[in-house]
Amino acid sequence: RQLQAGWVFQATKLSDAFSFDDYLEAQGEDTALLFWKKENGDFVFQQHRAENLPAPGHILIAFGPPSSENRQTAGGPGKD
């Protein structure tokens, strides 16, 4: 049902300017972080352990409703 509602897979690269805390704050509560890819190519599946959190350079893969920016660029509400 989520796919029919327009949910998408999203990739977000963390940096010194956009941290994991920033990511968590920016995401809606419905977005599910699935895994992340480390700079060395390793994949880490979602865990709730403080010693194994995403860091700058890691790419987060999540599934959730599209952001307002994605909806606009995809022809959703707000696009002329």
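Please read these numbers as outputs of a predicted model, since none were measured by experiment.

Participant: Where do I start with the overall build of the chain in this structure?
Facilitator: Assigned secondary structure in the chain consists of two helices and four strands. Starting at the N terminus and walking to the C terminus, you meet the elements of the chain as β-α-β-β-β-α. The 80 residues of the chain split such that 25% are buried. Nonlocal contacts in the chain, meaning residues at least 24 apart in sequence, comprise 59% of its contacts between residues at least 6 apart. Total accessible area on the chain is roughly 5800 Å²; 50% of this is exposed by carbon and sulfur atoms.

Participant: I keep staring at the packing of aromatic side chains and nothing clicks. Help me out?
Facilitator: Both the distance between ring centres and the angle between the ring planes are used here to describe each pair of aromatic rings. Applying the stated criterion to the full structure yields five aromatic pairs. Judged by centre distance (5.6 Å) and plane angle (70°), the rings of F35 and F43 are edge-to-face. Grouping aromatic residues by their ring pairs yields a cluster made of W7, F9 and F63.

Participant: How should the pairing of strand β2 (residues 32–37) be read in this particular structure?
Facilitator: Two faces belong to every sheet, and in a regular strand the side chains alternate between them. Of the pairings in the sheet, the one linking β2 to strand β4 (residues 59–64) comprises five bridges and is antiparallel in character. Opposite F35, over in β4, you have I61 as the bridge partner. Relative to strand β3 (residues 43–45), β2 runs antiparallel, the two sharing three bridges. The residue bridging K37 from the neighbouring strand is F43, located in β3. Connecting β2 to the next strand, β3, in antiparallel fashion are five residues, including G41 with a positive phi near 95°.

Participant: Sorry if this is basic, but what is going on with the sheet that holds β2 here?
Facilitator: Strand pairing in a sheet takes place through backbone hydrogen bonds and is either antiparallel or parallel in direction. Spatial ordering of the open sheet is given by β1-β4-β2-β3, a layout of four strands whose pairing is antiparallel. Unpaired on one side and paired on the other, β1 (8–13) and β3 mark the two borders of the sheet. Sheet twist, expressed as the average angle between the axes of neighbouring strands with direction ignored, equals 25°.

What counts as what
Residues numbered from 1 in each chain as written. Predicted model: local features only at pLDDT ≥ 70, side-chain atom pairs only at ≥ 80, totals over all residues. Heavy atoms only, no water. Helix = DSSP H or I, 4+ residues; strand = E, 2+ residues; numbered from the N terminus. Buried < 20%, exposed > 50% of the residue type's maximum accessible area, 1.4 Å probe, protein only. Contact = heavy atoms within 4.5 Å. Areas by Shrake-Rupley, 256 points an atom, 1.4 Å probe, with all protein chains shown as cover. Phe/Tyr/Trp six-rings, centres within 6.5 Å; stacked < 30°, edge-to-face > 60°. Pairing = 2+ DSSP bridges. Axes fitted to C-alpha atoms, helices over the stretch in contact; angles between N-to-C directions.

On their own, these measurements won't tell you what the molecule is for.
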